[in-house]
Amino acid sequence: MEKATFVELSEQKISNQNGKMKRGVAVIDFILRLIAIVATLASAIAMGTTDETLPFFTQFVRFRAKYDDLPALRLFVVASAIASGYLILSLPFSILHIIRSSAGMTRVILIILDTVMLASLTAGSSAAASIVYLAHKGNTKANWFAFCQQYNSFCERISGSMIGSFIAIPLFIILIILSALVLSRR
Amino acid sequence: MSTIIDVAESSKAHAIENEKAALISAPQRPGGWKKGISIMDFILRLGAIAASFGAAITMATSDQILPFFTQFFQFEASYDSFSTFQFFVIAMAFVGGYLVLSLPFSIVTIIRPHANGPRLFLIILDTVFFTLATASGASAAAIVYLAHNGNQDSNWLAICNQFGDFCAQTSGAVVSSFVAVVVLLLLIVMSSLALGKH
């Protein structure tokens with residue numbers, strides 16, 4: 001009899017600790033999502049509002065640079081915007097996990113969608129990063145000129161907007177790992 | 001009095017021994033669908049190994065020298081000229097190496113389908129290397145796209161018009177890396193499904 005009650009009490013203690021851990025993880029999840037929203041939104045806006053016109057022009061050509069001119073940067077803006085939209089829409093699920101620590105299908109769906117969003121955000125930001133690298137360094141073998149030397153503020157803007165996505169990508173990875181951790185403890 | 005205590009104690013000891021025996025030699029639950037997922041996981045891992053090593057090797061052996069040259073200049077294109085492609089080769093080699101090293105863990109999940117530890121470990125590492133593969137594949141894809149189409153506004157010429165073979169090989173390498181990325185995504189999804197459902 002005593003052994004039975006002892007086992008019951010220790011089981012309840014373990015499940016209490018489990019519940020506290022799940023709640024803590026859910027709170028961290030929510031905070032990280034908020035930070036990731038800010039980061040991706042800032043990236044998308046910073047890249048999307050680039051527009052620089054050089055103060056000189058010839059009779060036929062006007063020297064102007066926008067993010068539109070480079071398809072990789074367009075992809076980056078779209079991917080960042082979609083990622084931040086998804087994160088905003090997933091906030092209610094995160095709040096649900098704080099209130100009710102349900103390690104059910106909602107967490108699995110969240111992991112799957114998080115992974116898909118991580119893929120698209122990583123793809124968009126690495127494509128943009130390689131173009132920004134080319135803009136800074138150019139490539140002599142392919143005769144690609146580094147236009148950063150002329151379009152200074154455009155260059156600074158596109159380089160700076162990469163920072164937001166480089167913050168959001170590790171956050172996504174941590175979100176996925178946290179959800180997997182909670183799922184594995186049942 | 002002492003007889004009663006003796007019987008009570010020995011039955012208590014017997015009960016404890018029974019419980020211990022039940023815990024140690026617990027009968028294995030049938031694997032069921034989790035075992036099927038683990039087997040799929042193993043097979044997909046083999047495919048991803050082939051895809052990622054194929055991408056790395058194809059990119060690394062892409063080297064084209066044009067048959068004409070001037071007095072000072074020989075027209076050559078190799079993956080070395082683009083630092084993005086160098087990053088691609090190294091990253092794909094890392095991803096392939098990780099996939100090979102993760103095969104034992106996959107086999108462990110086949111043998112013990114209900115153990116959560118190896119699956120969690122695989123999910124975490126799969127996510128990290130999936131990100132690496134996506135990053136290298138996408139950045140190489142941006143350069144390959146530029147090589148095919150050029151860019152009018154920044155006066156970047158499409159070098160594919162001259163270096164046809166080089167272009168074809170690098171494009172093939174990028175496609176192969178995307179195959180590895182999709183397979184890694186499937187692996188993560190399957191592992192999380194197996195973790196999430198009893």
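Residues numbered from 1 in each chain as written. Chains lettered and ligands numbered in written order. Predicted model: local features only at pLDDT ≥ 70, side-chain atom pairs only at ≥ 80, totals over all residues. Heavy atoms only, no water.

The helix and strand tally for chain B stands at five helices and two strands. Accessible surface, chain B as shown: approximately 10,500 Å² in total, 69% of it carbon and sulfur. (Helix = DSSP H or I, 4+ residues; strand = E, 2+ residues; numbered from the N terminus. Areas by Shrake-Rupley, 256 points an atom, 1.4 Å probe, with all protein chains shown as cover.)

To continue, consider the pattern of salt bridges. Overall, the coordinates contain four salt bridges over all chains when judged by the stated rule. Notably, a salt bridge pairs A:Asp29 with A:Arg33, separated by 3.0 Å at the nearest N-O pair. Taken together, the residues span about one helical turn, with A:Asp29 and A:Arg33 both in helix α1 (residues 2-48) at a distance of four residues. As far as the burial class goes, A:Asp29 and A:Arg33 line up, both buried. Of the charged contacts, one joins B:Asp126 and B:Arg45 as a salt bridge, the two residues approaching to 3.1 Å between their closest N and O atoms. Pair noted here: B:Asp126 is in helix α4 (residues 116-149) and B:Arg45 is in helix α2 (residues 33-60), with a separation of 81 residues, a long-range link. Residues B:Asp126 and B:Arg45 agree in their burial class; the two are buried. (Salt bridge = Lys/Arg side-chain N within 4 Å of Asp/Glu carboxyl O. Buried < 20%, exposed > 50% of the residue type's maximum accessible area, 1.4 Å probe, protein only.)

Take the packing of helix α4 (residues 152-184) of chain A against α4(B) next. One can describe the packing of α4(A) onto α4(B) by two numbers: an axis separation of 10 Å at closest approach and a directional angle of 170°. In terms of their interaxial angle, α4(A) and α4(B) are classed as roughly antiparallel. Taking contact as the criterion, the partners of A:Ile169, A:Ile173, A:Ile176, A:Ile177, A:Ala180, A:Leu181 and A:Ser184 in α4(A) are, on α4(B), B:Asn116, B:Leu120, B:Ile123, B:Ile124, B:Thr127, B:Val128 and B:Thr131. Taken together, the residues that form the contact of α4(A) with α4(B) break down as ten nonpolar, four polar and no charged. (Axes fitted to C-alpha atoms, helices over the stretch in contact; angles between N-to-C directions. Parallel < 35°, antiparallel > 145°, perpendicular 65-115°, else oblique. Contact = heavy atoms within 4.5 Å. Nonpolar A, V, L, I, M, F, W, Y, C, P; charged D, E, K, R; others polar.)

Judged by nonpolar contacts, the single largest core of 98 residues is most densely connected at A:Leu73, A:Trp144, B:Phe82, B:Phe85 and B:Ile159. If you list the elements that add at least two residues to this core, you get α1, α2 (71-99), α3 (105-137) and α4 of chain A together with α2, α3 (83-111), α4 and α5 (164-196) of chain B. Among the elements that make up this core, the one with the highest residue count is α4(A) (16 residues). The residues contacting A:Trp144, other than those within four sequence positions of it, are A:Leu134, A:Gly138, A:Asn139, B:Phe82, B:Ile143, B:Leu146, B:Ala147, B:Trp156, B:Leu157 and B:Ile159. (Core = buried A, V, L, I, M, F, W, Y, C linked by side-chain atoms within 4.5 Å.)

What follows concerns the environment of A:Ser94. All names here are of chain A. Among the secondary structure elements, serine 94 is positioned in helix α2. Separated by twelve residues in sequence, serine 94 and threonine 106 place their C-alpha atoms 9.6 Å apart. Residues in contact with serine 94, not counting those within four places in the same chain, are Ala26, Asp29, Phe30 and Arg33.

This part is about the confidence of the model for chain A. Mean pLDDT over chain A: 87, with 92% of residues reaching 70 or higher. Per-element averaging of pLDDT across chain A places strand β1 (residues 51-57) of chain A at the bottom with 74 and α2(A) at the top with 93. (pLDDT = per-residue confidence, 0-100.)

Looking now at the state of the cysteines. Tallied over the entire structure, the rule returns two disulfides over all chains. Put simply, A:Cys148 and A:Cys155 are joined by a disulfide, and their sulfur atoms are 1.4 Å apart. One quick way to see it: the torsion about the S-S bond of A:Cys148 and A:Cys155 is about 40°, and its sign makes the bridge right-handed. Neither A:Cys148 nor A:Cys155 differs from the other in exposure class; each is buried. Note on cysteine connectivity: B:Cys160 is disulfide-linked to B:Cys167, with sulfurs 1.3 Å apart. (Disulfide = S-S within 2.5 Å.)

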